[in-house]
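# Structural overview for review
Single-letter residue listing:
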Amino acid sequence: MNSDRTVLTDAMWARIEHMLPGKAADPGGTAAENRLFVKAVLWRFRTGTPWRDLPERFGKWNSVFTRFRRWTLSGVFERVFNALSEEFDLECVFVDGTVVQAHQKASGTRGGTSSQGIGRSRAGLTSKIVAVVDALGYLVRFVILPGQAHDLAGVPALLGDLRFGAFIGDKAFDADWLLEDLEGRGADAVIPSRRNQTEPREHDRKMYGWRHLVRT
């Protein structure tokens, strides 16, 4: 495994360079070192360290953070992510959710915790990330919900207009409305039945065994 947490190959960069602001043809000032900036963002989120601990090779941490916030608010990262998501292998999709701890200071955000996808549970302040990945395990979409929310709550936004061959998820996704939705899409439902089902539904056990891909 490559230990470089800032890997951004020439091929990767070529796919996103034209979508970033600050190009020579754009109005206004030209952004300096877009590639280095993207590497800094990748490093920060892959390592999970505070912005203040950003290595000096990426420049001043507060400048990097300010630029990150500006791009986030203007939708730059969302546009890049949406463009790249069109290239995924959607023969089948895997969906799952996980709970993460929210920082204690997050409770003071404008609009309250619910507007920030933060809830209160026995574990304290938490958020739930529900994600859909493609047949190769690459992230396609994700939503952030309050920690106490059920995984199913994120499904409508995740699936949207996606076209895929099969939906693979655990028993948490055994819901009549979702099964009907999948049938309407012409997609197979690879979802085990809940224990309280009087007539357990058959599912492809071999395909279900591939669910580890959603964790990679």
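Read on for a plain summary of the structure. (Residues numbered from 1 in each chain as written. Predicted model: local features only at pLDDT ≥ 70, side-chain atom pairs only at ≥ 80, totals over all residues. Heavy atoms only, no water.)

Taken together, the side chains of Leu139, Phe142 and Ile144 present a nonpolar region at the surface, about 260 Å² in accessible area. Within the secondary structure, Leu139 is located in strand 4 (residues 139-146). Judged by relative accessible area, which is 34%, Leu139 ranks as partly exposed. (Patch = residues over 30% accessible without salt bridge, like charges linked within 9 Å, V, L, I, M, F, W, Y side chains within 5 Å. Areas by Shrake-Rupley, 256 points an atom, 1.4 Å probe, with all protein chains shown as cover. Salt bridge = Lys/Arg side-chain N within 4 Å of Asp/Glu carboxyl O. Helix = DSSP H or I, 4+ residues; strand = E, 2+ residues; numbered from the N terminus. Buried < 20%, exposed > 50% of the residue type's maximum accessible area, 1.4 Å probe, protein only.)

A complete count under the given rule lists nine aromatic pairs for this structure. Judged by centre distance (5.1 Å) and plane angle (45°), the ring pair of Trp51 and Phe68 falls under tilted. Residue Trp51 is located in the loop between helix 2 (34-47) and helix 3 (61-73), and its partner Phe68 is located in helix 3; the two are separated by 17 residues in the primary sequence. By the burial criterion, Trp51 is buried, and Phe68 matches it. Geometrically, the ring pair formed by Trp71 and Phe77 is tilted, given 5.8 Å between the ring centres and 50° between the ring planes. The exposure class of Phe77 is partly exposed, given its relative accessible area of 27%. Three or more aromatic residues joined by ring pairs form one cluster here, namely Phe37, Phe45, Trp51, Phe65, Phe68, Trp71 and Phe77. Over the ring of Phe45 we find Arg44, and its NZ or CZ is 4.7 Å from the ring centre. When the ring centre of Phe37 is taken as origin, the NZ or CZ atom of Arg67, which lies over that ring, is 4.6 Å away. (Phe/Tyr/Trp six-rings, centres within 6.5 Å; stacked < 30°, edge-to-face > 60°. Lys NZ or Arg CZ within 6 Å of the ring centre and 35° of its normal.)

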